[in-house]
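Structural description and commentary
This is what each chain is made of:
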Amino acid sequence: EDKVVQSPLSLVVHEGDTVTLNCSYEVTNFRSLLWYKQEKKAPTFLFMLTSSGIEKKSGRLSSILDKKELFSILNITATQTGDSAIYLCALTQGDSGNTPLVFGKGTRLSVIA
Amino acid sequence: DARVTQTPRHKVTEMGQEVTMRCQPILGHNTVFWYRQTMMQGLELLAYFRNRAPLDDSGMPKDRFSAEMPDATLATLKIQPSEPRDSAVYFCASGQGPALFEQYFGPGTRLTVT
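As a convention, each chain's residues are numbered from 1 in the sequence order in which they are written. Numbering of ligands from 1 and lettering of chains from A proceed in the order in which they are written. In keeping with the predicted nature of the model, local features appear solely for residues at pLDDT of at least 70, side-chain atom pairs appear and are counted solely at 80 or more, and the whole-chain, interface and lining totals rest on all residues. Hydrogens are left out, water is left out, and the side-chain values use all remaining heavy atoms of the structure.

**Looking at the overall build of chain B**
Note the cut-off: The way it works is that DSSP assigns letters per residue, a run of H or I at least four long becomes a helix, a run of E at least two long becomes a strand, and they are numbered from the N terminus. Put simply, the radius of gyration uses C-alpha atoms, and a globule should come to 2.2 Å times the residue count raised to 0.38. We call a residue buried when its accessible area falls under 20% of the maximum for its residue type, exposed when it is over 50%, and partly exposed in between, using a 1.4 Å probe and counting protein chains only. Residue contacts are defined here by distance: any two heavy atoms, one from each residue, within 4.5 Å place the two residues in contact.
Scanning chain B for helices and strands turns up 0 helices and 11 strands. In sequence order, the secondary structure elements of chain B are arranged as β-β-β-β-β-β-β-β-β-β-β. For 114 residues, the compact-globule estimate of 2.2 N^0.38 gives 13 Å, and the C-alpha radius of gyration of chain B, at 13 Å, lies within 12% of that figure. If one aligns the C-alpha atoms of chain B with their principal axes, the spans along those axes are about 40 × 30 × 25 Å. Here chain B holds 114 residues, and 46% of them are scored as buried. The contacts of chain B with a sequence gap of at least 6 include a subset with a gap of at least 24, amounting to 53%.

See the structure below:
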């Protein structure tokens, strides 16, 4: 059965720390991996990754994909309390991009002042 | 600032009642998804549409759930009769294909069935 596993399930850090969130997967016909941030409401899109070894970066957040070892990491540097959220990893499969997301259970990050 | 809208935002109903949730995708997006989020199962797909045609509804209990897209600006998810185990947050998401795209989520409908 296809699956997406995120670790750790939860994490508490202090402001200024750097964190690494992990997402490993076992799916057939992988197409893309996406990271979302979910605060109190809807997931908001962070990154889409399709190629191994190419880092995507946005401010203090960055992500990279390893298609050989079947995992991705999301890094957050100089964390702030506003980074507190659930971070979701999701995949799409198939030959067409218009396919549903398969989600992991998420990593709950808490950043304390 | 284009965004997906959903109504109602919150719904409390009694077991056995009909519930209808509505979604307006981002204008021009041709693919619409319904997801359900619970603490135990996380986010799971219920159904999705492309160009208003249903492509997959295998995630829905067919005897009580139905999803439709009467036009390009409206998607509906209906539960009849509702049960306490249906309590969850229901998200609608939309995206533009056919190339790879990110899905944009609506604010969700928090459903509580007592």
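The rest of the description comes next.
**Some points on unusual backbone geometry**
Of note, the bond from Ser7(A) into Pro8(A) is cis; its omega dihedral lies within 30 degrees of zero at -10 degrees. Mapped onto the elements of the fold, Pro8(A) is located in the loop between strand S1 (3-7) and strand S2 (10-14). The omega torsion across Thr7(B) and Pro8(B) is -10 degrees, close enough to zero to call that bond cis. The phi torsion at Ala78(A) lies on the positive side, around 45 degrees, for a residue other than glycine. Turning to its location among the elements, Ala78(A) is positioned in the loop between strand S8 (71-76) and strand S9 (85-93). In this model, Arg52(B) sits at a positive phi of 75 degrees, which is unusual for a non-glycine residue.

**Details of the packing of aromatic side chains**
Applied cut-off: Only rings of Phe, Tyr and Trp enter the pairing, Trp through its six-membered ring, and a pair is recorded when the two centres are within 6.5 Å. The plane angle decides the type: under 30 degrees is stacked, over 60 is edge-to-face, the rest tilted.
Within this structure, the stated rule accounts for 10 aromatic pairs over all chains. Here the aromatic rings of Tyr36(A) and Phe103(A) are separated by 6.1 Å at their centres, their planes lie at 55 degrees, and the arrangement is tilted. One end of the pair, Tyr36(A), is in strand S4 (residues 30-38); the other, Phe103(A), is in strand S10 (residues 102-103), with 67 residues separating them in the sequence. Residue class for Tyr36(A) comes out buried when judged on its relative accessible area of 0%. Exposure remark for Phe103(A): the relative accessible area of 10% places this residue in the buried category. With centroids separated by 6.0 Å and ring planes inclined at 20 degrees, the aromatic side chains of Phe33(B) and Tyr35(B) adopt a geometry described as stacked. Classification of Tyr35(B) as buried rests on a relative accessible area of 0%. In this structure an aromatic cluster arises from ring pairing among Tyr36(A), Phe45(A), Phe103(A), Phe33(B), Tyr35(B), Tyr48(B), Phe91(B) and Phe105(B).

**Side note on the pairing of strand S7 (residues 65-71) of chain B**
As a general feature of sheets, a regular strand has side chains that alternate between the two faces. Residue and element names in this part refer to chain B. Convention followed: Strand pairing is assigned whenever DSSP identifies at least 2 bridges connecting the two strands.
Pairing between S7 and strand S8 (residues 74-79): 5 bridges, direction antiparallel. Bridging across to S8, serine 66 finds its partner in lysine 78. Linkage of S7 to S8, two consecutive antiparallel strands, is achieved through a turn of 2 residues.

**Considerations on the pairing of strand S9 (residues 88-95) of chain B**
Residues and elements named next belong to chain B. In terms of residue burial, S9 counts as a mostly covered element, since 8 of its 8 residues are buried. On S9, burial covers both faces: Ala88, Tyr90, Cys92 and Ser94 on one face and Val89, Phe91, Ala93 and Gly95 on the other are all buried. Where strand S4 (residues 31-38) lies against S9, 7 bridges are found, and the strand directions are antiparallel. The residue bridging threonine 31 from the neighbouring strand is glycine 95, located in S9. Bridge count between S9 and strand S11 (residues 109-113): 3 bridges; the pairing is antiparallel. Paired with tyrosine 90 across the two strands is threonine 109, which belongs to S11. Pairing between S9 and strand S10 (residues 104-105): 2 bridges, direction antiparallel. Paired with alanine 93 across the two strands is phenylalanine 105, which belongs to S10.

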